[in-house]
Amino acid sequence: MGLCLMAASLPEFATPIIGILMAAAGLGFVIFVHELGHFAVARACGVKCDKFMVGFDFWGLKLSRKWGETEYGIGVFPLGGYVKMMGQDDDPNRAAEQFEEATVEEGSEFAKEVTAPDGTKKYLDRRSYQAKSVPQRMAIISAGVIMNVIFAWVFAFFAYGLGVQYLPCVISGVSPGGPAWQAGLEVGDEIVQIGDRTNPDFDHLTAGVTLGNSGEGVDFRIKRAATGEVEELTLIPVKMDGSPKIGVGYPRAASIKPLKEEALAEAVKLVGLPDFAPKDKIIAADGEPIETYRDLSLALAAKPDEAIVLTVQGAAKPNSEGEAATRELTLAPMPAMRLGLVMTMGPIAAIQAGSPAAEAGLKAGDTLVAIDGETIGGDGLNPADLDAVLQGKTGAVDLTYRPAGGESDQTASVTPRPATGSSMPGAKGSPMPLEALGIAYKIVPEVSAVTPGSPAEAAGLKVGDSVTKVTPAIADGKGELKAEGTRELGEKGWGWPPVLTLIEQLTPGSKVTLTVSRGDEQKTFELSPEPSETAYIADRQLVNVLDLRLEDRDASTIGEQASLALDKTWFSLTHVVRVLQKLVSRDVPVKNLSGPFGILEMSVSAASTSTSQFLLFLTLISANLAVLNFLPIPVLDGGHMVFLAWEGITGRPPNERVMIALQLVGMALLLSLMLFVTFNDVVRMFFR
């Protein structure tokens, strides 16, 4: 391992307090090194610096002390900082005033002749910013950005010296109908290459997909968990919840989250799980060994309606040489919560490559009509239960379907395949998975039947009712109901399958309010979901308490440490640039932008996780500051560089009125952006 200067993680009892202090110190330090770059180069060029401030001292509110000719201080407003140099001011209204303040008499020992913005010759104090040559001023302006790039690498260098935990590109599930699902990817498959990058982590996957070429697609090499073979695929991302995605879930481990006992006990009680303890490792299911999340997923999917005995290994060992104690926990089947509504079967939205449905010749747009002669919808099979129906079949089944645009039905013989548990809840418009056949289909939110004795019948819903809104209120286990917001159904809103998934996983005692269209009327009904007698949740919501799968990346030599840090710094810098490009092209929604509160929240989270994760977060922040500050926007460093380039080409500064106007526009843009991202933060904090 490389340099190791401090503990890789923080003591649990100290995490909240130290995390906040580290976040404040870290973000302040990133600003400090930026301003230090300006200050150091300005002093090296002989510029008199009146102030060096971290934060802005609005209304004179600051902590400061003067050493020599410079006042050093911390301003009350922490979002930024500045170096005040003689003859230079970012306030466009004071530019002329500052120029005049640096003027000296001709013949003075400090006098230097320069060309003013109005074209006249003036004599300035040679220690002023404006008296320096264009290359010197460019060096001063760019020094802050350069320092941020250097320290982005420094942060990453020390992080890899400590050892970094990362999320490998191992898939824990796929969104029904999404690009990864259509390609036939399964839980446990590993992405070993994205474009030219080998051995990527999940950050590389997210960036490669979100910021990649959505038109031509993204090239992948996939190691299949079932066979061990490596395949090459090109997947074209689609927008899910506003951002380009391929629809894969974060890698998970077959172990329980390291939550505090009280929080975990509350979580497992809420959904009816057995008494897991923090960091328990699941090592067997019904006596069969469990090594990975894929093993666990297959075991759960094979017995959705049966109790499973899990063997778990505790985190604590009885002694330094002994094995950790094991115990057995019974994982009961978890009935899906239902309303007693049978909705209308919709068309097939997507077919999975290499699936039984694909081999049988079914296509997107076809509509399933019956299975082994039993009609789907109405008083027949519930479209929501088709996977459970087919998983119970042995041998081939006869599928009756209506081809897209056709008027007559056709029949195909198809052999269902075993469940893998690969399908996970998708985006708000995603279809319903039929894993046994490799089909994802739509469900039209129009009632085709009401189950006798069900909550829907008791509430008064009728055949033909069309559900337009769903508002769940979740029971928290303490007698309180928490409203979860209204889901608007429709072409651009929510589809019935993700709403059905939400309803299925509601805790006992929860309520659901439905708004339905009945003819020309709009009616509202409140229902209390009840456990189904035939439909079950295969994973028992165990995923809610399972930990993410983390792996260690340690540098064995100083050279490797430096190389990993350089790669991380370059990735962070280019990531910011690509995000900006995608924002301009509107491929990435602006609602994803974070402001000061979001950055502080992420900073505290990273600092509370481990020192190395916090250092990598500072790498990203430092890279962000470098790139954003060098954008050609007036009042930013990049804008000043544009003005200096003009002066270098023409031999005189830009017209004063033009420069003031541009700086005012730049300031207005920045203030508008700050208000917008702060609004985003508030929405995420209080309304997500």
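Overview of the structure. Predicted model only: the values in this text are computed from it and were never measured. Residue indices begin from 1 for each chain and proceed along its sequence in written order. With the structure being a predicted model, the display of local features is reserved for residues of pLDDT at least 70 and the display and counting of side-chain atom pairs for 80 or more, all residues being used for whole-chain, interface and lining totals. Only hydrogens and water are set aside; all other atoms, that is, all heavy atoms of the structure, feed into the side-chain values.

Thoughts on the sheet that holds strand β9 (residues 197–198)
The strands that make up a sheet pair up through hydrogen bonds in the backbone, lying either parallel or antiparallel. In spatial order, the strands read β9-β8-β10-β11; together these four strands make up an open sheet with antiparallel pairing. Each of the sheet's edge strands pairs with one partner strand only, and the pair in question is β9 and β11 (230–235). Paired strands, as defined in this entry, are two strands with at least two bridges between them according to DSSP. In this text, helices come from DSSP runs of H or I with a minimum length of four residues, and strands from runs of E with a minimum of two, each type numbered from the N-terminal end. Sheet topology places strand β8 (residues 190–194) next to strand β10 (residues 218–223); four bridges connect them, and they run antiparallel. Bridging from a neighbouring strand, Glu 190 pairs with Lys 223 of β10.

A word on the packing of helix α3 (residues 134–162) against helix α14 (residues 611–629)
Fitted lines through C-alpha atoms serve as axes, helices being fitted only where they are in contact, and the angles separating the N-to-C directions of these axes extend from 0 to 180 degrees. Between α3 and α14, the shortest axis-to-axis distance is 8 Å and the interhelical angle comes to 165°. For the element pair α3 / α14, the angle class is roughly antiparallel. For the crossing formed where α3 meets α14, the hand is left-handed. On α14, the residues touching Val 145, Asn 148, Val 149, Phe 151, Ala 152, Phe 155, Ala 156, Phe 158, Ala 159, Tyr 160 and Leu 162 of α3 are Thr 611, Ser 612, Leu 615, Leu 616, Leu 618, Thr 619, Ser 622, Ala 623, Leu 625, Ala 626 and Asn 629. Working rule for angles: under 35 degrees goes down as roughly parallel, over 145 as roughly antiparallel, 65 to 115 as roughly perpendicular, anything else as oblique. Crossings are sorted by hand: turned counterclockwise from the far helix by less than a right angle, the near helix makes the crossing left-handed, and turned clockwise it makes it right-handed. Any two residues whose heavy atoms approach within 4.5 Å are treated as being in contact.

Describing the side chain of Thr 569
Along the chain, Thr 569 falls in helix α12 (residues 558–585). Buried means the residue's accessible area, taken with a 1.4 Å probe over protein chains only, is under 20% of the maximum for its type, while exposed means over 50%, and partly exposed covers the values in between. Look at Thr 569 and you get buried, because its relative accessible area is 4%. A distance of 3.4 Å separates a polar atom in the side chain of Thr 569 from the backbone nitrogen of Trp 153. Not counting residues up to four positions away in its chain, the partners in contact with Thr 569 are Val 149, Ala 152, Trp 153, Ala 156 and Thr 619. Under the rule applied, a polar contact is a pair of N or O atoms within 3.5 Å (in protein, one hydrogen donor and one hydrogen acceptor; residues adjacent in sequence only if both atoms are side-chain atoms).

Considering a nonpolar patch on the surface
A cluster of nonpolar residues, Phe 58, Trp 59, Leu 61, Val 76 and Phe 77, forms a patch on the protein surface that exposes about 570 Å² of accessible area. When its relative accessible area of 48% is taken as the criterion, Val 76 is described as partly exposed. Patches draw on residues past 30% relative accessible area with no salt bridge. Two like charges within 9 Å are joined, as are two nonpolar side chains (Val, Leu, Ile, Met, Phe, Trp, Tyr) within 5 Å. The Shrake-Rupley method, run with a 1.4 Å probe sphere, supplies the accessible areas, and residue values consider only the shown protein chains as cover. Salt bridge, as used here, is a side-chain nitrogen of Lys or Arg placed within 4 Å of a carboxyl oxygen of Asp or Glu.

What about the sheet that holds strand β23 (residues 397–402)?
Pairing is antiparallel in the open sheet, where four strands are placed in the order β22-β21-β23-β24. Two strands close off the open sheet at either side, each with one partner strand: β22 (374–375) and β24 (410–414). Where β23 lies against β24, five bridges are found, and the strand directions are antiparallel. When the bridges of β24 are listed, Asp 398 appears paired with Ser 413.

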